[in-house]
Structures are given as C-alpha cells and as structure tokens.
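Geometric and topological summary
The lines below spell out each chain.
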Amino acid sequence: MKTLSFKNGDTLPALGLGTWKSKPGEVRKAVYWAIQAGYRHIDCAAIYQNEKEVGQGISDAFSDGLVKRSDLFVTSKLWNDCHRHEDVKPALEKSLENLRLDYLDLYLVHWPISFKHGVTFASHREEFYTYQDVPLTQTWEAMQEQKASGMAKHIGVSNFNQTKLREILAMKGESPEMNQVEMHPFLPQLPLVNFCKENGILMTAYSPLGSPDSRAEKHKNDPVLLTNPMVEEIAKKYGVNPGVILIAWSLHRDIAVIPKSVNHDRIFSNFEASKIQLRDEDMLELRDLGIAHRFIDGSFFTGAHSPYKQSDLWD
Ligand SMILES: NC(=O)C1=CN([C@@H]2O[C@H](COP(=O)(O)OP(=O)(O)OC[C@H]3O[C@@H](n4cnc5c(N)ncnc54)[C@H](OP(=O)(O)O)[C@@H]3O)[C@@H](O)[C@H]2O)C=CC1
Ligand SMILES: O=C1CO[C@H](CO)[C@@H](O)[C@@H]1O
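Residues numbered from 1 in each chain as written. Chains lettered and ligands numbered in written order. Predicted model: local features only at pLDDT ≥ 70, side-chain atom pairs only at ≥ 80, totals over all residues. Heavy atoms only, no water.

What follows deals with unusual backbone geometry. Positive phi, close to 55 degrees, is recorded for Gln49, a residue that is not glycine. For Gln49, the location among the structural elements is in the loop between strand S4 (41–43) and helix H2 (51–63). Despite not being glycine, Ser207 has its phi angle at roughly 50 degrees, a positive value. Taking relative accessible area as the criterion, Ser207 reaches 11% and is therefore assigned buried. (Helix = DSSP H or I, 4+ residues; strand = E, 2+ residues; numbered from the N terminus. Buried < 20%, exposed > 50% of the residue type's maximum accessible area, 1.4 Å probe, protein only.)

The structure is reproduced here in structure tokens:
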C-alpha cells in the first residue's frame with residue numbers, strides 16, 4: 001500500500017474510504033468491509049452526520065482483531081459553524097466521542113467559510129460570519145492547539161485556494177499539513193498541486209469518481225467521469241473497472257485519494273487501484289481529455305445569500 005509522509009516522518013496510507021452520503025444504516029458495514037479489504041485510512045466529517053456509525057464499524061474491526069488503533073489513519077473535519085476559537089475543541093471532542101477514538105490522525109478545516117454556531121447550512125446572509133467576524137487565522141490558532149494537545153496528530157485544511165493558504169502560511173506556528181480538494185482528470189488542479197508541493201503541504205483528492213451520487217436534477221447535463229470513453233478504454237486495457245483507473249490516477253501523482261462506496265464489491269475492487277501502476281502514456285491520455293469540470297462548486301456557500309464570493313473558494 002502506497003503511503004505519503006508528513007514532515008515528522010508519520011505516514012498516511014494514500015488510499016482511503018470516503019464516507020459522505022454513506023447512510024448511517026450502511027456505513028458501519030462499509031467501514032468494516034473496507035478494513036477487511038486492506039484500507040487503513042477512513043475519511044470522515046462531522047457534517048456527514050454518520051460518525052457514530054463509522055465509529056461502530058471501526059470498533060467492530062478492533063473487537064474482531066482485524067486491526068488495532070495504530071494501524072488506522074482516521075481523518076475528520078471541523079464544520080463551518082465551529083470556526084470561532086472557543087468552538088473548535090468541543091467540535092473535535094464531539095467527533096472523537098462519535099468515532100469512539102481518543103485521537104484523530106488528521107483534523108481539517110472543512111471550508112474557508114464560517115456560519116454562526118449551530119447553523120448546519122446557512123441560507124440567509126445573517127446566518128454567516130464574515131472574515132471580519134471570525135478570521136481564518138483565529139480558527140487556525142485553535143487548530144494548532146488541538147495538535148499540541150495530542151487530540152489531532154496532524155492538522156490541515158480543505159477547499160483552500162492559494163490565497164487562503166498564503167494567509168495561513170504567513171502566520172507564526174504550524175503550517176497546514178494537508179489540503180483536501182476535489183481532484184480527478186476533469187480537474188487536475190495543476191497550479192494548486194505545485195503550490196502545495198512547494199510549501200510542503202500534502203494533498204488529498206476528493207470526489208475522485210466525479211461524485212455521481214451527489215448529482216441533483218439541475219446537474220443532469222454535467223459530463224460523466226466514469227463513462228468517459230478514454231477512461232473506459234484505459235480500464236479495458238488494464239482489465240479493471242473505470243473507477244479503479246480514476247483512483248490509480250491520483251495515486252500515480254502521489255496524492256491521497258478517498259473514493260466513497262458502501263457496496264461490498266466496489267469497496268474491494270476500488271482497493272485494487274493500489275496494486276496497479278498506470279503507464280506514463282496512459283497518464284498523458286488522461287491529462288488530455290479536453291473536459292474541465294468541477295462537480296462540487298461550492299455555490300451553496302456563495303452568492304446573493306452569503307457574504308462570500310466564488311473567489312474566496314477557487315483561484
Ligand atoms: N472535503 C470536502 O469538501 C469533500 C470531501 N469529500 C470526501 O471525498 C469522498 C469521495 O467523494 P464523493 O463525493 O463521495 O464521490 P466519489 O467520487 O467517491 O463517488 C462516489 C460514488 O461513486 C460510486 N462508486 C464507488 N466506486 C465505484 C466504482 N468503482 N464504479 C462506479 N461507481 C462507483 C458510489 O456508489 P456506491 O456507494 O453505491 O458504491 C458513489 O455513488 C467523500 O465521500 C468524502 O469523504 C467529498 C466531497 C467534498
Ligand atoms: O464534504 C462535503 C460533502 O458534504 C457537504 C455538502 O453536504 C459539502 O459541503 C462538503 O464539501
């Protein structure tokens with residue numbers, strides 16, 4: 001299994017299981033199967049509202065002797081309504097309680113967007129905090145305290161563009177160790193990948209399969225990654241399904257990747273991506289698909305109902 005290294009030498013298993021949209025009734029088994037299949041990295045978030053069941057899946061694996069805590073790498077994320085300094089520690093404690101863990105391997109600021117405490121999804125201007133109300137630097141100071149306490153072994157961010165990363169990098173203290181963003185052949189994120197590399201920030205690719213289960217009616221004309229003819233052709237060549245090729249694409253770039261599945265067979269087959277090596281010529285074909293598309297565009301956080309602009313999210 002490919003691993004990536006943090007500056008202190010700790011490692012991160014590059015292939016993990018995503019858990020967004022995995023229903024409470026199905027995610028417990030999905031996590032258990034994933035651990036059986038060989039996954040050692042689970043990607044969670046408070047906003048997925050299923051951390052209790054993810055925690056049950058992890059506990060089942062511990063009690064059946066499949067793995068011990070130190071074999072697993074568990075990530076969770078601070079939701080947008082807990083960016084004030086005083087809200088960060090309780091939010092982390094709640095995730096730990098739900099996950100039945102006493103530390104996280106990685107804790108991320110989920111979005112550079114802040115809601116008032118207790119607001120799950122802000123839909124009116126007055127439900128948001130602005131950067132003047134709660135600067136990102138305030139949140140990052142609190143994140144560093146969580147690392148110092150040992151409750152989070154590593155800390156990072158998600159959905160941060162170069163401008164927002166620079167703001168945090170300019171602070172004294174710990175730099176973000178991870179930036180988790182959407183990434184796949186329709187959105188290779190080349191400038192951001194280079195920026196993170198130059199600044200010693202690891203990256204994780206989310207929605208690596210194009211997030212087909214989050215597509216609403218209004219997106220029905222979006223391009224489809226899993227049925228792209230070139231992706232299908234390359235998959236045929238390797239004798240695997242297209243999902244495996246898309247996962248292997250990130251691994252080849254030394255980027256962690258967290259495909260979501262609650263299906264037993266797809267959980268196992270996706271893990272095969274860690275065993276194949278894409279040839280350079282196939283990476284080149286995947287680079288030149290001629291389609292640029294972002295599936296998770298963040299428009300639910302920006303626009304007339306919000307103080308935030310698209311430029312607060314994407315360069
Ligand atoms: N930081 C952030 O802001 C974000 C983080 N994430 C993280 O990234 C993870 C992955 O992204 P996500 O948006 O869920 O979408 P993915 O791109 O991982 O796609 C998941 C969908 O693909 C299906 N699927 C899984 N494997 C295959 C396969 N081999 N062939 C065909 N279909 C397949 C799944 O169905 P089934 O379950 O039935 O197999 C599900 O419908 C999330 O679950 C979450 O952990 C995602 C979005 C934003
Ligand atoms: O990780 C994610 C998936 O869920 C949320 C939407 O419900 C997104 O905001 C977020 O990026």
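What follows deals with the site of ligand 1. Neighbouring ligand 1 are 31 residues, the closest being Lys21, Asp43, Ser211, Ser261 and Arg266. Contact between ligand 1 and His110: an oxygen atom at 3.3 Å from a side-chain N or O atom of the residue. Here Gln180 contributes a side-chain N or O atom positioned 2.9 Å from a nitrogen atom of ligand 1. Within the complex, 91% of the 910 Å² of free accessible area of ligand 1 lies under protein. (Near = heavy atom within 4 Å. Polar contact = N/O pair within 3.5 Å; in protein donor to acceptor, adjacent residues only side chain to side chain. Areas by Shrake-Rupley, 256 points an atom, 1.4 Å probe, with all protein chains shown as cover.)

What follows is about the UniProt feature "domain: NADP-dependent oxidoreductase" (unreviewed entry) in the chain. Feature annotation in UniProt assigns "domain: NADP-dependent oxidoreductase" (unreviewed entry) to the following positions: residues 15–288. Between the first and last C-alpha atoms of residues 15–288 the distance is 24 Å; the span itself is 40% helix and 13% strand. (UniProt positions renumbered as here; feature names shortened; annotations may be inferred.)

Before going further, it helps to examine the site of ligand 2. Every residue lining ligand 2 is accounted for by Trp20, Tyr48, Trp79, His110, Trp111, Phe121, Phe300 and Phe301. In the model, an oxygen atom of ligand 2 is placed 2.5 Å from a nitrogen or oxygen of the Tyr48 side chain. Here an oxygen atom of ligand 2 sits 2.8 Å away from a polar atom, N or O, in the side chain of His110. Here ligand 2 has 290 Å² of accessible area as a free molecule, and 85% of this is covered by the chains. When grouped by side-chain class, the residues that make up the shell around ligand 2 number seven nonpolar, one polar and no charged. (Nonpolar A, V, L, I, M, F, W, Y, C, P; charged D, E, K, R; others polar.)

Strand order in the open sheet formed by eight strands is S3-S4-S5-S6-S9-S10-S11-S12, and the pairing between neighbours is parallel. Each of the sheet's edge strands pairs with one partner strand only, and the pair in question is strand S3 (17–18) and strand S12 (256–257). Examined bridge by bridge, strand S5 (residues 73–78) and strand S6 (residues 106–109) share four bridges and lie parallel to one another. Each residue of the ladder has a partner; that of Lys77, found in S6, is Leu108. (Pairing = 2+ DSSP bridges.)

The next point concerns the packing of aromatic side chains. Think of a pair of aromatic rings as described by two things: how far the centres are apart, and how the planes are tilted against each other in angle. Counted by the stated rule, this structure contains 17 aromatic pairs. Consider the rings of Trp20 and Tyr48, whose centres lie 6.5 Å apart with planes at 25 degrees: the pair is stacked. Highlighted residues: Trp20 in the loop between S3 and helix H1 (24–37) and Tyr48 in the loop between S4 and H2, separated in sequence by 28 residues. The partly exposed category is assigned to Trp20, whose relative accessible area is 34%. Between the NZ or CZ atom of Arg69 and the centre of the ring of Tyr103, over which it lies, the distance is 3.9 Å. (Phe/Tyr/Trp six-rings, centres within 6.5 Å; stacked < 30°, edge-to-face > 60°. Lys NZ or Arg CZ within 6 Å of the ring centre and 35° of its normal.)

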